[in-house]
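Reading the structure
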Amino acid sequence: MLKINSLDVFYGTAHVLEDIFIHVEEQEMVAILGANGAGKSTLLRTISGLVRPRSGNIEFQGRNITGLSPDEIVALGITQCPEGRRLFPDMSVYKNLLVGAYVFRRDKARINRLLETVFQIFPILQERKEQMAGTLSGGEQQMLAIGRALMSEPKLLMLDEMSLGLAPKVVENLFRTIKKIKERGITIILVEQNAAKALATSDRVYVMESGKIAVAGLSRDLLKDPKIRSAYLGI
């Protein structure tokens, strides 16, 4: 589904992504792990079109999408749920969800169908739909951020630091939920600090270090490797 070839990204003179090769198959969940500053979020922002690479290319379903605008990339079926949720706190849950469906703004039937799907996945959002987003708990805000991303009907959903700052029980519920989202046929890239949870949930993993891919493999294999666990994953 997604193929990244020899990608290089600079911020000014800083070489933040160097010679990145990644592939993601349809209906996989692929985890991107690494310490803060390793380049994980920059990678997602580059896939989303928010950052332009210096060299290399990104292919999505066989099409070169390098250089396309963010809205063109969303229209093709790639959506990012950003770190920090980036909700509109003074808007209702319902209106935040509608923002996610902007690409389909003239298709009321499609929007209603997508709302129904999001409310099936996150029933609490239906209960809270008239509540201001800023008054939700941290876990509910993260559910809303994921729900908003799903409103664009993505083929590829990219989740950036989904569990950040949340209680363990909430994190457990969210990981169960993204497994259900994957079962609906949506491919997922998961950038995550919680390495143990990410490895237990994903199919494959790339570990980033200083803007490069340091390790890649099946999640179950890396989870069992004590050297990898100690050197790169802190578990």
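Structure's up top.
Let me sum up the structure you'll find in this document. Quick caveat, the model's predicted, so the values are computed rather than measured.

The subject of this paragraph is the packing of aromatic side chains. One pass over the full model with this rule turns up 0 aromatic pairs. In this structure, Arg-54 is placed above the aromatic ring of Phe-10, and the distance from its NZ or CZ to the ring centre is 3.9 Å. Over the ring of Phe-104 we find Arg-110, and its NZ or CZ is 3.8 Å from the ring centre.

Of all 5 residues making up strand E8 (residues 187–191), 5 are buried, and the element is well covered by its neighbours. Going residue by residue along E8, you find Thr-187, Ile-189 and Val-191 tucked away on one face and Ile-188 and Leu-190 tucked away on the opposite face as well. Strand direction decides the pairing type here: strand E3 (residues 29–34) and E8, joined by 4 bridges, are parallel. Bridged to Ala-31 within E8 is Leu-190. Relative to E8, strand E7 (residues 156–160) runs parallel, the two being bridged by 5 bridges. Residue pairing in the sheet places Leu-159 in a bridge with Leu-190 of E8. As a crossover connection, the stretch from E7 through helix H7 (residues 168–183) into E8 is right-handed.

Among all residues save glycine, negative phi is the norm, and among peptide bonds the norm is trans. Phi is positive for Ser-6, close to 50°, though the residue is something other than glycine. Structurally, the position occupied by Ser-6 is in strand E1 (residues 2–11). For Ser-6, a relative accessible area of 27% gives the class partly exposed. Notably, Asp-19 is not glycine yet its phi reads approximately 50°, a positive angle.

With that settled, consider the sheet that holds E8. Within the open sheet, the 6 strands sit side by side as E6-E7-E8-E3-E9-E10. Their pairing is mixed. The outermost strands of the open sheet, each flanked by one partner alone, are strand E6 (78–81) and strand E10 (212–218). In this sheet, adjacent strand axes meet at a mean angle of 15° when their direction is disregarded. Its contacts with the sheet put helix H6 (residues 138–150) on E6 and E7, and the angle it makes with E6 is roughly 170°. The sheet contacts of H7 involve E3, E7 and E8, and relative to E8 the element is tilted by about 150°.

A few words now on the packing of helix H3 (residues 93–100) against helix H4 (residues 108–121). The contact between H3 and H4 brings their axes to 11 Å, and the two run at 120°. Of the possible angle classes, the one that applies to H3 and H4 is oblique. Of the two possible hands of crossing, H3 and H4 adopt the one that is right-handed. Side by side, H3 and H4 meet where Tyr-94, Leu-97 and Leu-98 of the first sit next to Ile-111, Leu-115, Val-118 and Phe-119 of the second.

Conventions and cut-offs
Residues numbered from 1 in each chain as written. Predicted model: local features only at pLDDT ≥ 70, side-chain atom pairs only at ≥ 80, totals over all residues. Heavy atoms only, no water. Phe/Tyr/Trp six-rings, centres within 6.5 Å; stacked < 30°, edge-to-face > 60°. Lys NZ or Arg CZ within 6 Å of the ring centre and 35° of its normal. Buried < 20%, exposed > 50% of the residue type's maximum accessible area, 1.4 Å probe, protein only. Helix = DSSP H or I, 4+ residues; strand = E, 2+ residues; numbered from the N terminus. Pairing = 2+ DSSP bridges. Right-handed = clockwise from strand over helix to strand, strands pointing away. Axes fitted to C-alpha atoms, helices over the stretch in contact; angles between N-to-C directions. Contact = heavy atoms within 4.5 Å. Parallel < 35°, antiparallel > 145°, perpendicular 65-115°, else oblique. Left-handed = near helix turned anticlockwise from the far one by under 90°.

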